[in-house]
Amino acid sequence: MTDESSEPPTHTGAVRRHAAAPTGTSWRSAPGLAVRGGLVGMAESVPGISGGTIALITGLYDRLLAAASQVVHAGRELVQGVAQGHGLRPAGRALRAVDWRFLAPVVGGMVVVLFASLSTIAPLLEEHPVPVRSVFFGMIAVSVLVPLSMMPHRFRGLDAVLLVAAAVAGFFLVGLPPSEVSDPSLWYVALAAAIAINALVLPGVSGSTLLVIMGLYIPVQQAIEDRDLAFVGAFAIGAAVGLASFVKLLHWLLGHRRQGTMAVLAGLMIGSLRALWPWQDADGGLLAPAGAGAVVGPLLLAVAGAALVGAVFWWESSRVVDE
(Lines give C-alpha, C1' and ligand atoms only; values in the text may rest on other atoms or scores of the structure.)
Protein backbone atom coordinates (compact mmCIF):
# COMPACT_ATOMS: atom_id res chain seq x y z
CA MET A 1 0.00 0.00 0.00
CA THR A 2 1.38 3.39 -0.90
CA ASP A 3 1.67 6.23 1.54
CA GLU A 4 -1.48 8.26 0.93
CA SER A 5 0.03 11.38 2.38
CA SER A 6 2.24 11.65 -0.69
CA GLU A 7 -0.69 11.72 -3.12
CA PRO A 8 -2.35 15.01 -4.01
CA PRO A 9 -5.65 15.15 -2.11
CA THR A 10 -8.97 16.04 -3.61
CA HIS A 11 -9.74 19.42 -2.10
CA THR A 12 -13.37 19.06 -1.12
CA GLY A 13 -15.02 21.27 1.45
CA ALA A 14 -15.62 18.32 3.77
CA VAL A 15 -12.00 17.29 3.71
CA ARG A 16 -10.81 20.84 4.35
CA ARG A 17 -13.25 21.15 7.20
CA HIS A 18 -12.03 18.08 9.03
CA ALA A 19 -8.40 17.76 8.01
CA ALA A 20 -7.04 21.32 8.05
CA ALA A 21 -4.60 21.98 10.84
CA PRO A 22 -5.96 24.58 13.28
CA THR A 23 -4.02 27.79 13.76
CA GLY A 24 -5.42 28.40 17.24
CA THR A 25 -8.72 28.66 19.07
CA SER A 26 -10.33 31.68 20.65
CA TRP A 27 -12.03 31.45 24.02
CA ARG A 28 -15.06 33.04 22.33
CA SER A 29 -15.73 29.68 20.71
CA ALA A 30 -15.73 27.88 24.09
CA PRO A 31 -19.54 27.76 24.54
CA GLY A 32 -20.08 26.19 21.12
CA LEU A 33 -17.24 23.73 21.68
CA ALA A 34 -18.68 22.78 25.08
CA VAL A 35 -22.05 22.05 23.47
CA ARG A 36 -20.40 19.83 20.85
CA GLY A 37 -18.40 18.07 23.54
CA GLY A 38 -21.65 17.57 25.44
CA LEU A 39 -23.15 15.81 22.42
CA VAL A 40 -20.14 13.48 22.37
CA GLY A 41 -20.58 12.77 26.08
CA MET A 42 -24.29 12.10 25.61
CA ALA A 43 -23.49 9.60 22.86
CA GLU A 44 -21.03 7.75 25.10
CA SER A 45 -23.80 7.12 27.64
CA VAL A 46 -26.01 5.23 25.16
CA PRO A 47 -25.16 1.64 24.16
CA GLY A 48 -24.82 1.49 20.39
CA ILE A 49 -23.74 5.12 19.93
CA SER A 50 -20.07 6.03 19.57
CA GLY A 51 -18.76 9.34 20.80
CA GLY A 52 -16.32 9.24 17.90
CA THR A 53 -19.25 9.19 15.49
CA ILE A 54 -20.71 12.34 17.01
CA ALA A 55 -17.26 13.95 16.98
CA LEU A 56 -17.14 13.28 13.23
CA ILE A 57 -20.59 14.79 12.66
CA THR A 58 -19.86 17.93 14.67
CA GLY A 59 -16.47 18.55 13.06
CA LEU A 60 -14.42 17.85 16.20
CA TYR A 61 -12.80 14.59 15.18
CA ASP A 62 -9.45 15.52 13.67
CA ARG A 63 -8.75 18.34 16.10
CA LEU A 64 -9.81 16.26 19.09
CA LEU A 65 -7.57 13.40 18.02
CA ALA A 66 -4.65 15.77 17.38
CA ALA A 67 -5.09 17.40 20.80
CA ALA A 68 -5.29 14.01 22.50
CA SER A 69 -2.10 12.95 20.71
CA GLN A 70 -0.37 16.10 21.99
CA VAL A 71 -1.45 15.36 25.55
CA VAL A 72 -0.17 11.80 25.25
CA HIS A 73 3.15 13.15 23.97
CA ALA A 74 3.34 15.54 26.93
CA GLY A 75 2.73 12.66 29.34
CA ARG A 76 5.49 10.67 27.71
CA GLU A 77 7.87 13.62 27.97
CA LEU A 78 7.00 13.96 31.65
CA VAL A 79 7.77 10.31 32.41
CA GLN A 80 10.98 10.33 30.37
CA GLY A 81 12.09 13.64 31.87
CA VAL A 82 11.70 12.38 35.42
CA ALA A 83 13.20 8.95 34.69
CA GLN A 84 16.20 10.26 32.73
CA GLY A 85 16.84 13.34 34.85
CA HIS A 86 16.01 15.86 32.11
CA GLY A 87 13.63 17.80 34.30
CA LEU A 88 10.14 19.04 33.51
CA ARG A 89 10.98 21.49 30.73
CA PRO A 90 10.34 19.06 27.82
CA ALA A 91 6.94 18.19 29.29
CA GLY A 92 6.19 21.87 29.83
CA ARG A 93 6.95 22.68 26.20
CA ALA A 94 4.76 19.80 25.06
CA LEU A 95 1.88 20.93 27.26
CA ARG A 96 2.11 24.50 25.94
CA ALA A 97 1.76 23.12 22.41
CA VAL A 98 -1.67 21.67 23.24
CA ASP A 99 -4.61 23.79 22.05
CA TRP A 100 -6.19 24.04 25.49
CA ARG A 101 -8.71 26.65 24.34
CA PHE A 102 -10.14 23.92 22.15
CA LEU A 103 -9.62 20.88 24.35
CA ALA A 104 -10.75 22.25 27.72
CA PRO A 105 -14.32 23.26 26.73
CA VAL A 106 -14.81 20.11 24.64
CA VAL A 107 -13.72 17.77 27.45
CA GLY A 108 -15.58 19.84 30.07
CA GLY A 109 -18.85 19.65 28.15
CA MET A 110 -18.27 15.97 27.45
CA VAL A 111 -17.76 15.03 31.12
CA VAL A 112 -20.67 17.09 32.45
CA VAL A 113 -23.20 15.78 29.94
CA LEU A 114 -21.90 12.22 30.20
CA PHE A 115 -22.62 12.08 33.93
CA ALA A 116 -26.00 13.74 33.43
CA SER A 117 -26.95 11.38 30.60
CA LEU A 118 -26.14 8.25 32.60
CA SER A 119 -29.09 9.08 34.86
CA THR A 120 -31.45 10.38 32.15
CA ILE A 121 -30.99 9.00 28.63
CA ALA A 122 -29.92 5.52 29.70
CA PRO A 123 -33.09 4.94 31.78
CA LEU A 124 -35.15 6.38 28.93
CA LEU A 125 -33.64 3.78 26.62
CA GLU A 126 -34.62 1.04 29.06
CA GLU A 127 -38.21 2.27 29.36
CA HIS A 128 -38.83 3.10 25.68
CA PRO A 129 -36.26 1.05 23.72
CA VAL A 130 -37.97 0.94 20.31
CA PRO A 131 -38.55 4.70 19.76
CA VAL A 132 -35.19 5.72 21.25
CA ARG A 133 -33.23 3.21 19.19
CA SER A 134 -35.21 4.22 16.09
CA VAL A 135 -34.03 7.83 16.40
CA PHE A 136 -30.42 6.81 16.93
CA PHE A 137 -30.59 4.27 14.09
CA GLY A 138 -31.51 7.03 11.65
CA MET A 139 -28.82 9.31 13.03
CA ILE A 140 -26.01 6.78 12.66
CA ALA A 141 -27.23 5.45 9.29
CA VAL A 142 -26.93 8.84 7.63
CA SER A 143 -23.70 9.58 9.52
CA VAL A 144 -21.92 6.92 7.45
CA LEU A 145 -21.70 9.57 4.73
CA VAL A 146 -19.42 11.68 6.95
CA PRO A 147 -16.25 9.52 6.89
CA LEU A 148 -16.89 8.77 3.21
CA SER A 149 -16.95 12.51 2.50
CA MET A 150 -13.66 12.89 4.38
CA MET A 151 -11.77 10.59 2.03
CA PRO A 152 -9.07 12.56 0.21
CA HIS A 153 -9.48 10.51 -2.99
CA ARG A 154 -12.18 8.75 -4.94
CA PHE A 155 -13.64 5.55 -3.52
CA ARG A 156 -11.60 2.54 -4.68
CA GLY A 157 -12.01 -1.22 -4.81
CA LEU A 158 -9.68 -1.65 -1.85
CA ASP A 159 -11.78 0.83 0.11
CA ALA A 160 -14.86 -1.31 -0.57
CA VAL A 161 -13.08 -4.41 0.75
CA LEU A 162 -11.99 -2.59 3.91
CA LEU A 163 -15.47 -1.16 4.43
CA VAL A 164 -17.20 -4.55 4.10
CA ALA A 165 -14.66 -6.30 6.35
CA ALA A 166 -15.03 -3.63 9.04
CA ALA A 167 -18.83 -3.76 8.77
CA VAL A 168 -18.84 -7.54 9.29
CA ALA A 169 -16.45 -7.24 12.24
CA GLY A 170 -18.52 -4.46 13.81
CA PHE A 171 -21.76 -6.41 13.28
CA PHE A 172 -20.45 -9.45 15.16
CA LEU A 173 -18.74 -7.36 17.85
CA VAL A 174 -21.89 -5.52 18.90
CA GLY A 175 -23.84 -8.77 18.67
CA LEU A 176 -21.85 -10.47 21.41
CA PRO A 177 -24.09 -11.45 24.34
CA PRO A 178 -24.00 -9.21 27.42
CA SER A 179 -22.22 -10.39 30.54
CA GLU A 180 -23.16 -9.98 34.18
CA VAL A 181 -20.46 -9.06 36.70
CA SER A 182 -21.88 -8.35 40.14
CA ASP A 183 -18.67 -7.50 42.01
CA PRO A 184 -15.87 -6.73 39.50
CA SER A 185 -12.31 -6.54 40.73
CA LEU A 186 -10.47 -3.27 40.24
CA TRP A 187 -8.02 -4.76 37.73
CA TYR A 188 -10.94 -5.89 35.59
CA VAL A 189 -12.51 -2.44 35.85
CA ALA A 190 -9.26 -0.84 34.67
CA LEU A 191 -8.89 -3.33 31.79
CA ALA A 192 -12.48 -2.80 30.65
CA ALA A 193 -12.05 0.97 30.80
CA ALA A 194 -8.86 0.74 28.72
CA ILE A 195 -10.80 -1.11 26.02
CA ALA A 196 -14.05 0.87 26.15
CA ILE A 197 -12.43 4.32 26.14
CA ASN A 198 -11.11 3.74 22.62
CA ALA A 199 -14.69 4.07 21.39
CA LEU A 200 -14.30 7.77 22.17
CA VAL A 201 -11.90 8.12 19.25
CA LEU A 202 -13.10 5.21 17.12
CA PRO A 203 -16.37 5.96 15.30
CA GLY A 204 -18.74 3.04 14.97
CA VAL A 205 -17.74 1.37 18.23
CA SER A 206 -19.77 2.28 21.29
CA GLY A 207 -18.00 2.40 24.61
CA SER A 208 -21.29 1.74 26.40
CA THR A 209 -21.91 -1.33 24.24
CA LEU A 210 -18.46 -2.67 25.10
CA LEU A 211 -19.19 -2.11 28.79
CA VAL A 212 -22.48 -4.01 28.41
CA ILE A 213 -20.65 -6.91 26.75
CA MET A 214 -18.07 -6.94 29.54
CA GLY A 215 -20.79 -6.69 32.23
CA LEU A 216 -19.73 -3.29 33.59
CA TYR A 217 -22.39 -0.91 32.25
CA ILE A 218 -24.64 -1.14 35.35
CA PRO A 219 -21.71 -1.33 37.84
CA VAL A 220 -20.26 1.88 36.36
CA GLN A 221 -23.60 3.66 36.81
CA GLN A 222 -23.87 2.41 40.38
CA ALA A 223 -20.29 3.39 41.22
CA ILE A 224 -20.93 6.95 40.01
CA GLU A 225 -24.19 7.19 41.95
CA ASP A 226 -22.56 5.74 45.10
CA ARG A 227 -19.41 7.85 44.68
CA ASP A 228 -17.22 4.74 44.86
CA LEU A 229 -13.86 6.48 44.53
CA ALA A 230 -11.83 3.26 44.27
CA PHE A 231 -13.96 1.99 41.40
CA VAL A 232 -14.03 5.36 39.62
CA GLY A 233 -10.29 5.79 40.16
CA ALA A 234 -9.49 2.38 38.66
CA PHE A 235 -11.76 3.15 35.73
CA ALA A 236 -10.08 6.53 35.17
CA ILE A 237 -6.57 5.03 35.27
CA GLY A 238 -7.52 2.28 32.84
CA ALA A 239 -9.16 4.77 30.52
CA ALA A 240 -6.07 7.00 30.53
CA VAL A 241 -3.75 4.08 29.75
CA GLY A 242 -6.01 2.72 27.01
CA LEU A 243 -6.47 6.07 25.35
CA ALA A 244 -2.76 6.86 25.46
CA SER A 245 -1.96 3.50 23.88
CA PHE A 246 -4.36 3.85 20.97
CA VAL A 247 -4.66 7.52 20.12
CA LYS A 248 -1.14 7.88 18.70
CA LEU A 249 -1.69 4.95 16.35
CA LEU A 250 -5.00 6.28 15.10
CA HIS A 251 -3.53 9.76 14.66
CA TRP A 252 -0.74 8.29 12.53
CA LEU A 253 -3.22 6.29 10.45
CA LEU A 254 -5.27 9.40 9.71
CA GLY A 255 -2.14 11.23 8.64
CA HIS A 256 -0.59 8.49 6.50
CA ARG A 257 -3.42 6.09 5.58
CA ARG A 258 -6.42 8.39 5.69
CA GLN A 259 -8.28 6.88 2.72
CA GLY A 260 -8.30 3.33 4.05
CA THR A 261 -8.85 4.44 7.64
CA MET A 262 -11.99 6.34 6.68
CA ALA A 263 -13.27 3.28 4.81
CA VAL A 264 -12.76 1.17 7.95
CA LEU A 265 -14.49 3.76 10.14
CA ALA A 266 -17.47 3.88 7.77
CA GLY A 267 -17.66 0.09 7.86
CA LEU A 268 -17.60 0.01 11.66
CA MET A 269 -20.43 2.51 11.73
CA ILE A 270 -22.49 0.34 9.38
CA GLY A 271 -21.83 -2.77 11.47
CA SER A 272 -22.73 -0.95 14.69
CA LEU A 273 -26.26 -0.37 13.39
CA ARG A 274 -27.05 -3.86 14.65
CA ALA A 275 -26.96 -2.53 18.22
CA LEU A 276 -29.50 0.15 17.27
CA TRP A 277 -32.01 -2.08 15.48
CA PRO A 278 -35.28 -0.98 17.12
CA TRP A 279 -36.67 -4.48 17.76
CA GLN A 280 -34.50 -6.64 20.01
CA ASP A 281 -34.98 -9.20 22.74
CA ALA A 282 -33.55 -8.90 26.25
CA ASP A 283 -30.18 -10.32 25.16
CA GLY A 284 -29.83 -8.07 22.11
CA GLY A 285 -31.07 -10.60 19.59
CA LEU A 286 -32.64 -9.11 16.46
CA LEU A 287 -36.42 -9.40 16.07
CA ALA A 288 -38.85 -8.60 13.28
CA PRO A 289 -41.45 -5.86 13.89
CA ALA A 290 -44.85 -7.11 15.01
CA GLY A 291 -46.77 -6.22 11.85
CA ALA A 292 -46.69 -3.38 9.33
CA GLY A 293 -48.39 -0.99 11.74
CA ALA A 294 -45.50 -1.28 14.18
CA VAL A 295 -43.06 -0.01 11.54
CA VAL A 296 -44.57 3.40 10.77
CA GLY A 297 -43.72 5.13 14.05
CA PRO A 298 -40.13 3.89 14.32
CA LEU A 299 -39.57 4.64 10.63
CA LEU A 300 -40.70 8.25 11.08
CA LEU A 301 -38.47 8.60 14.13
CA ALA A 302 -35.51 7.19 12.19
CA VAL A 303 -36.15 9.69 9.38
CA ALA A 304 -36.30 12.50 11.95
CA GLY A 305 -32.97 11.39 13.43
CA ALA A 306 -31.41 11.24 9.98
CA ALA A 307 -32.76 14.70 9.14
CA LEU A 308 -31.30 16.10 12.35
CA VAL A 309 -27.83 14.78 11.53
CA GLY A 310 -28.16 15.99 7.94
CA ALA A 311 -29.01 19.48 9.19
CA VAL A 312 -26.00 19.51 11.51
CA PHE A 313 -23.69 18.32 8.72
CA TRP A 314 -25.09 20.98 6.34
CA TRP A 315 -24.65 23.68 8.99
CA GLU A 316 -21.06 22.63 9.62
CA SER A 317 -20.25 22.71 5.91
CA SER A 318 -21.90 26.08 5.31
CA ARG A 319 -20.24 27.58 8.38
CA VAL A 320 -16.78 26.68 7.09
CA VAL A 321 -17.57 28.05 3.66
CA ASP A 322 -18.63 31.36 5.24
CA GLU A 323 -15.39 31.46 7.23
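Residues numbered from 1 in each chain as written. Predicted model: local features only at pLDDT ≥ 70, side-chain atom pairs only at ≥ 80, totals over all residues. Heavy atoms only, no water.

(A) A look at the environment of L173. Its location among the elements puts L173 in helix α10 (residues 157-174). Overall, the relative accessible area of 33% leaves L173 in the partly exposed class. Remark: the alpha-carbon pair of L173 and T209, spanning 36 residues in sequence, is separated by 9.3 Å. Residue contacts for L173: discarding those within four places in its chain leaves V205, L210 and I213. (Helix = DSSP H or I, 4+ residues; strand = E, 2+ residues; numbered from the N terminus. Buried < 20%, exposed > 50% of the residue type's maximum accessible area, 1.4 Å probe, protein only. Contact = heavy atoms within 4.5 Å.)

(B) Summary view of the environment of I195. The topology assignment puts I195 in helix α11 (residues 186-196). You can call I195 partly exposed: its relative accessible area is 40%. Sequence separation between I195 and L211 is 16 residues; the distance between their C-alpha atoms is 8.9 Å. When neighbours within four sequence positions are excluded, I195 is seen to be in contact with L210 and M214.

(C) Quick look at the nonpolar core. Counting 62 residues, the largest nonpolar core has I49 and F102 as the members making the most contacts within it. Ignoring sequence-local partners within four residues, the contact set of I49 consists of A43, E44, I54, F136, I140, S206 and L276. (Core = buried A, V, L, I, M, F, W, Y, C linked by side-chain atoms within 4.5 Å.)

(D) Up close: the side chain of T58. Tracing the backbone through its elements, the reader meets T58 in the loop between α3 (51-57) and α4 (61-84). Within the local environment of T58, its side chain forms a polar contact with the backbone oxygen of I54, the two atoms lying 2.8 Å apart. (Polar contact = N/O pair within 3.5 Å; in protein donor to acceptor, adjacent residues only side chain to side chain.)

(E) Broad picture of the pattern of salt bridges. Under the criterion given, the structure shown has three salt bridges. The partner of D62 in a salt bridge is R258, with the nearest N and O atoms 2.9 Å apart. With D62 in helix α4 and R258 in helix α15 (residues 258-272), this pair connects stretches of sequence that are 196 residues apart. On the basis of relative accessible area, D62 is assigned to the buried category, the value being 14%. The exposure class of R258 is buried, given its relative accessible area of 9%. D159 is the partner of R156 in a salt bridge, and the nearest nitrogen-oxygen pair spans 3.0 Å. For R156, a relative accessible area of 28% corresponds to the partly exposed category. (Salt bridge = Lys/Arg side-chain N within 4 Å of Asp/Glu carboxyl O.)

(F) Fine view of the packing of helix α2 (residues 30-44) against helix α6 (residues 100-118). One way to put it is that α2 packs onto α6 with a least axis distance of 6 Å and a crossing angle of 40 degrees. When the interaxial angle is binned, α2 and α6 end up oblique. Crossing hand, α2 versus α6: right-handed. Facing α2, whose interface residues are A30, L33, A34, G37, G38, V40, G41, M42 and E44, α6 presents R101, F102, P105, V106, G109, M110, V113, L114 and S117. Across the contact of α2 with α6, the residue classes break down as 11 nonpolar, five polar and two charged. (Axes fitted to C-alpha atoms, helices over the stretch in contact; angles between N-to-C directions. Parallel < 35°, antiparallel > 145°, perpendicular 65-115°, else oblique. Left-handed = near helix turned anticlockwise from the far one by under 90°. Nonpolar A, V, L, I, M, F, W, Y, C, P; charged D, E, K, R; others polar.)

(G) Seen up close, the packing of aromatic side chains. This model, assessed by the stated rule, comprises four aromatic pairs. For the pair F137 and W277, a centre-to-centre distance of 6.1 Å together with 75 degrees between the ring planes defines the contact as edge-to-face. Taken together, the positions of F137 in helix α8 (residues 129-143) and W277 in the loop between α15 and α16 (293-322) put the pair 140 residues apart, joining distant regions of the chain. Taken together through their ring pairs, the aromatic side chains of F137, W277 and W279 make up a single cluster. Sitting over the ring of F171, R274 keeps its end group 4.5 Å from the ring centre. (Phe/Tyr/Trp six-rings, centres within 6.5 Å; stacked < 30°, edge-to-face > 60°. Lys NZ or Arg CZ within 6 Å of the ring centre and 35° of its normal.)

Nothing here speaks to function; it is all geometry.
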